[in-house]
Amino acid sequence: METIEVLVGRIGKPHGLRGDVTVDVRTDEPERRFAVGSVLRVEAPPGSHTPLRSLTVAATKWHQSVLLVRFEEIPDRTAAEAARGILLHADIPADASPDDPDEFYDHQLVGLAAYDVSGAALGEVTGLVHGGAQDLLTVRTTDGREALVPFVKALVPEVDLAGRRVVIADRPGLVTPLPEDD
């Protein structure tokens, strides 16, 4: 079965003396991606010389809304400090979907045709920007511009993966230019 790789987290600061680390979670399914025994691929931060290529989850727990993870390959606080900034990737089946029907993997959205609510073509989804407040769809418009659309139900009321399309409740200045910008 074909798989794809998704970013699931970034290692933060050490927690305690036994090698536990905080993880900045980048997945809506942390229980699934950080299950004991899961093997995650390591992407070292720029300038790092870590020998780690993968990490195996040994234990997890939540502490005041922060995910703490112990990895088999990180035995102590010194190793945990050296692992700071590492990005963690998981392999998932290419045809997998999140458990929640209103959630999507980035690769499912990239390439979808974008239409407004009346059916007029707006362009194509070319990527996602993951922000603190909400994610943003990057749309290359039919005239070649790039537009960022907050990926919220009010502005993106429909995502049709089978139909390879997304509906955007467009407003002047969102995807289509403001009248004075024409």
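Residues numbered from 1 in each chain as written. Predicted model: local features only at pLDDT ≥ 70, side-chain atom pairs only at ≥ 80, totals over all residues. Heavy atoms only, no water.

Draft legend 1. View of the sheet that holds strand 10 (residues 146-150). Read across the open sheet, the six strands follow the order 10-9-8-7-12-11; overall the sheet is mixed. For this open sheet the edge positions go to strand 10 and strand 11 (158-160), each flanked by a neighbour on one side alone. Taking the axes of each pair of neighbouring strands and ignoring which way they run, one obtains an average angle of 35° across the sheet. Of the pairings in the sheet, the one linking strand 7 (residues 113-116) to strand 8 (residues 121-130) comprises three bridges and is antiparallel in character. Its bridge partner being in strand 8, Ala114 is matched across the sheet by Gly123. (Pairing = 2+ DSSP bridges. Helix = DSSP H or I, 4+ residues; strand = E, 2+ residues; numbered from the N terminus. Axes fitted to C-alpha atoms, helices over the stretch in contact; angles between N-to-C directions.)

Draft legend 2. Geometry of the pairing of strand 6 (residues 87-93). Summarising burial for strand 6: five of the seven residues are buried, a large majority. Direction of pairing for strand 1 (residues 3-14) relative to strand 6: antiparallel, over a ladder of seven bridges. The residue bridging Ile4 from the neighbouring strand is Ile92, located in strand 6. Relative to strand 6, strand 3 (residues 39-43) runs antiparallel, the two being bridged by three bridges. Following the sheet pairing, Glu43 is matched in strand 6 by Leu87. (Buried < 20%, exposed > 50% of the residue type's maximum accessible area, 1.4 Å probe, protein only.)

Draft legend 3. Local environment of the pairing of strand 4 (residues 54-63). Pairing of strand 3 with strand 4, which is carried by three bridges, proceeds in the antiparallel orientation. For Leu40, the partnering residue across the bridge sits in strand 4 and is Leu55. Relative to strand 5 (residues 66-71), strand 4 runs antiparallel, the two being bridged by six bridges. Within strand 5, the residue paired with Ala59 across the bridge is Arg70. Hairpin geometry of strand 4 and strand 5 is characterised by an intervening segment of two residues between the two adjacent antiparallel strands and by a positive phi of about 50° at Gln64.

Draft legend 4. Representation of the nonpolar core. Ranked by internal contacts, the top residues of the largest apolar core, which has 24 residues, are Ile11, Phe34, Leu40, Leu55, Phe71 and Leu88. Elements with a minimum of two residues in this core: strand 1, strand 2 (21-25), strand 3, strand 4, strand 5 and strand 6. Take this core: its biggest share by element is four residues, from strand 1. Discounting chain neighbours no more than four positions away, the residues touching Phe71 are Ile11, Val21, Leu40, Leu55, Thr56, Val57, Ala58 and Leu88. (Core = buried A, V, L, I, M, F, W, Y, C linked by side-chain atoms within 4.5 Å. Contact = heavy atoms within 4.5 Å.)

Draft legend 5. A look at the sheet that holds strand 3. With respect to topology, six strands assemble into a closed barrel ordered 1-2-5-4-3-6, the strand pairing being antiparallel. Across this sheet, the average inter-strand angle for adjacent strands is 50°, counted without regard to direction.

Draft legend 6. The arrangement of the side chain of Glu29 in detail. Tracing the backbone through its elements, the reader meets Glu29 in the loop between strand 2 and helix 1 (30-33). Within polar-contact distance, the side chain of Glu29 engages the side chain of Tyr105 at 2.9 Å. Excluding its chain neighbours within four sequence positions, the residues that come into contact with Glu29 are Pro98, Asp99 and Tyr105. (Polar contact = N/O pair within 3.5 Å; in protein donor to acceptor, adjacent residues only side chain to side chain.)

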